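Fold and contact review
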Amino acid sequence: MHRSINKSYLLKLTTYAKEKAHGIGTTILIVFSILLLLVGKVNEQSLIFFKSIYLDATSGFLTILGKPVNSVSEGFYKINDLVYLYSENQDLKEENQSLHKWRHLALELLSENEELKKLLNGTKKTNEKSVAARVISNSGGSYVKTITINVGSKNGVRVGNPVLNNWGMIGRIVEIGRNASRVLLTTDINSQIPVYFENSLHRAILVGKNSDLLELKFLNKRVYLQNEERLMTSGEGGILPRGIPVGLFSNKINENKEKLNILPAKDWDKLSTLKVILYNYNSGL
Amino acid sequence: MINFFNKKKIFIKYIPFYMTIILASVSSTIQPPHGYAMTFSFIPLICILFWSLLLGRYFGPIQFFFIGILTDFLMGTPIGSYLLLFSIIRFITLKVKERFQVTFFYENVLAATILILVFYFFNNLFLYIYYSKVIISDYFLLNIISTILLYPAFAVFFYWVYKTTSLEKYYAET
């Protein structure tokens, strides 16, 4: 009898101890995470080493893991394309007609430009160095908008280098490993890019909102903005090169709105093959 | 031989942890549909909520530590942010489980729906404290709704795993 009482007492004690331990475990976890956040906030460089190790270690694994997943999703997209085939064809016909007009204009301007350059004895601009990249993974949440690409310091990529799709800039490198790097997309809440309007030359800062639109800040009041005018990187601060298209101003999305919204690079979320411009901000391209 | 069975037992016991890690990694490689501003359901949250509601304190803090850190690395968020958010949601989940005795499937889904909303509230609160910014957009709402709507599908799959592997037996022995 005495022995059984002791046993049940011991069992109760063990259960109580386990519950307490789990409670303490959660508290320790919360305190530890706050400490990690504080360390990251005070000295960001201290955790970069671990991040770059992680990027290198997982790039291969995530590439392999992503292959079957991507094949399935590509299948879905193909079905989706077939569903919208007719409407897409109509849109493309319209776009093609307007592009014909621009093509003629571009050819005219090109020849005129060449002639003017000859007159001025101008030299040809050196081609920018760039490297092609493929997307390994993405954040996919509402909190951050980042992607991981399969090029790193081994390929000459540096922190701050702009990442482009066929239309323009979609982000910039923020973390770097040997074989992979992380790109902060222009739509991320932490992205701020100094820009200017291509034709009117007004300067401003383009800020991400974690949505499919960007916001324009610090633009002078009482300025006339042309519809469909592109926004280019101004190169102020020296981290990004000047003259990369990064957004498009449209009257359509700014009707009766106090804040100025800007469309990001076309198909910024399609994440196909990208291009990283190997820009050395100490010595230019 | 006994050693082999012990190893198997430990492996089965940690299936929820392995599944969360694998599904979190796989979800990061899925390309979100075009036109939705790269918004996709938050799979790690679905996993941790389900297993916490089912296993309670047996889905332990050490497992949470690794899942939180991995999510931070996968998403590119400041290290410790998801760890903190997951720890808070674990604490609340355990309190909910203790108070309401979540046993049936529909109770699990209902509790998870409320906890997902709580998680996103803390997520925005964290953003406000850390970055002095708040996300208010249609896509934020889409993220919450897609996570809530995907939860039952994952819950059915996890229940199936739970029954097939007889996980309850392994936890009852401890």
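Only a predicted model underlies this, so the values are computations on that prediction, with no experimental measurement involved.

Procedures and definitions
- Residues numbered from 1 in each chain as written.
- Chains lettered and ligands numbered in written order.
- Predicted model: local features only at pLDDT ≥ 70, side-chain atom pairs only at ≥ 80, totals over all residues.
- Heavy atoms only, no water.
- Patch = residues over 30% accessible without salt bridge, like charges linked within 9 Å, V, L, I, M, F, W, Y side chains within 5 Å.
- Areas by Shrake-Rupley, 256 points an atom, 1.4 Å probe, with all protein chains shown as cover.
- Salt bridge = Lys/Arg side-chain N within 4 Å of Asp/Glu carboxyl O.
- Helix = DSSP H or I, 4+ residues; strand = E, 2+ residues; numbered from the N terminus.
- Expected span 1.5 Å × (residues − 1).
- Buried < 20%, exposed > 50% of the residue type's maximum accessible area, 1.4 Å probe, protein only.
- Lys, Arg positive; Asp, Glu negative; His and termini not counted.
- Charge placed at Lys NZ, Arg CZ, Asp CG, Glu CD.
- Pairing = 2+ DSSP bridges.
- Axes fitted to C-alpha atoms, helices over the stretch in contact; angles between N-to-C directions.
- Parallel < 35°, antiparallel > 145°, perpendicular 65-115°, else oblique.
- Left-handed = near helix turned anticlockwise from the far one by under 90°.
- Contact = heavy atoms within 4.5 Å.
- Nonpolar A, V, L, I, M, F, W, Y, C, P; charged D, E, K, R; others polar.
- Domains from an automatic or database assignment.
- Polar contact = N/O pair within 3.5 Å; in protein donor to acceptor, adjacent residues only side chain to side chain.
- Buried area = accessible area lost by both parts, 1.4 Å probe.

1. Some remarks on a nonpolar patch on the surface
On the surface, B:Phe121, B:Leu125, B:Tyr128, B:Ile129, B:Val134 and B:Ile136 cluster together into a nonpolar patch covering about 680 Å² of accessible area. Residue placement: B:Val134 occurs in the loop between helix 6 (105–131) and helix 7 (138–164).

2. Observations concerning helix 5 (residues 81–100) of chain B
Residue and element names in this part refer to chain B. Taking 1.5 Å of rise per residue, the 20 residues of helix 5 would be expected to cover 28 Å, and the 28 Å separating its terminal C-alpha atoms lies within 8% of that figure. Those residues of helix 5 that fall on the buried side of the exposure criterion are Ser-81, Tyr-82, Leu-83, Leu-84, Leu-85, Phe-86, Ser-87, Ile-89, Arg-90, Thr-93, Leu-94 and Val-96. A positive phi of about 50° marks Gln-101, the residue just after helix 5.

3. What to know about a negative patch on the surface
Residue and element names in this part refer to chain A. A cluster of acidic residues, Asp-81, Glu-88, Asp-91 and Glu-94, forms a negative patch at the surface. Tallying contributions element by element places helix 3 (residues 85–120) first for the negative patch, with three residues. With respect to the secondary-structure elements, Asp-91 resides in helix 3. Of the residues examined, Asp-91 reaches a relative accessible area of 47% and is grouped as partly exposed.

4. A short note on the sheet that holds strand 11 (residues 245–249) of chain A
Adjacent strands of a sheet pair through backbone hydrogen bonds, lying either parallel or antiparallel. Here we have six strands rolled up into a closed barrel, ordered 7-8-9-12-11-10 (chain A), and antiparallel in their pairing. Between one strand axis and the next, the sheet turns by 40° as a mean value, whatever way the strands run.

5. Side note on the packing of helix 3 (residues 43–55) of chain B against helix 7 of chain B
All names here are of chain B. It is at 9 Å that the axes of helix 3 and helix 7 come closest, and there the two elements cross at 50°. On the basis of the axis angle, helix 3 is oblique to helix 7. Note that helix 3 runs across helix 7; the crossing there is right-handed. Across the interface between the two elements, Ile-43, Leu-45, Ile-46, Cys-47, Leu-49, Phe-50, Trp-51, Leu-53, Leu-54 and Leu-55 from helix 3 touch Thr-147, Leu-150, Tyr-151, Phe-154, Ala-155, Phe-158, Tyr-159 and Tyr-162 from helix 7. A class-by-class count of the residues in the contact of helix 3 with helix 7 yields 17 nonpolar, one polar and no charged.

6. Thoughts on the domain arrangement of chain A
Domain boundaries assigned for chain A yield domain 1 (48–83 + 128–285) and domain 2 (88–124). Computed over C-alpha atoms, the centres of domain 1 of chain A and domain 2 of chain A are 26 Å apart.

7. Observations concerning the environment of B:Thr20
Residue and element names in this part refer to chain B. Looking at the secondary structure, you find Thr-20 in helix 2 (residues 15–29). Note on Thr-20: relative accessible area 1%, which makes it buried. As a C-alpha pair, Thr-20 and Ile-48 span 28 residues in sequence and 7.1 Å in three-dimensional space. Beyond its immediate stretch of four places on either side in the chain, Thr-20 contacts Pro-44, Cys-47, Ile-48, Trp-51, Phe-59 and Ile-67. One polar contact links the side chain of Thr-20 to the main-chain carbonyl oxygen of Pro-16, over a distance of 2.6 Å.

8. Some details on the packing of helix 6 of chain B against helix 7 of chain B
Residues and elements named next belong to chain B. It is at 10 Å that the axes of helix 6 and helix 7 come closest, and there the two elements cross at 145°. As helix 6 packs across helix 7, the resulting crossing turns out to be right-handed. Across the interface between the two elements, Phe-105, Asn-108, Val-109, Ala-112, Thr-113, Ile-116, Leu-117, Tyr-120 and Asn-124 of helix 6 pack against Phe-140, Asn-143, Ile-144, Thr-147, Ile-148, Tyr-151, Pro-152, Ala-155, Val-156 and Tyr-159 of helix 7. Here the contact of helix 6 with helix 7 is built from residues that sort into 14 nonpolar, five polar and no charged.

9. Some thoughts on the interface of chain A and chain B
Contacts between the two partners involve 51 residues from chain A, matched on the other side by 51 residues from chain B. Interface area, chain A with chain B, both sides summed: about 4,700 Å², of which 63% is carbon and sulfur. Taken as a group, A:Leu29, A:Leu37 and A:Tyr143 account for 17% of the area that chain A buries against chain B, more than any other trio of residues on that side. Where chain A touches chain B, the interface holds zero salt bridges. On the surface where chain A and chain B come into contact, there are 12 residue pairs in polar contact (both at pLDDT 80 or more). For the side of chain A that touches chain B, the elements supplying multiple residues, two or more each, are helix 1 (2–42), helix 2 (45–83), strand 2 (135–138), strand 3 (146–149) and strand 6 (181–185) of chain A. Of all the elements, helix 1 of chain A adds the most residues to the side of chain A that touches chain B, at 15 residues. Its residues placed into classes, the side of chain A that touches chain B shows 22 nonpolar, 18 polar and 11 charged.

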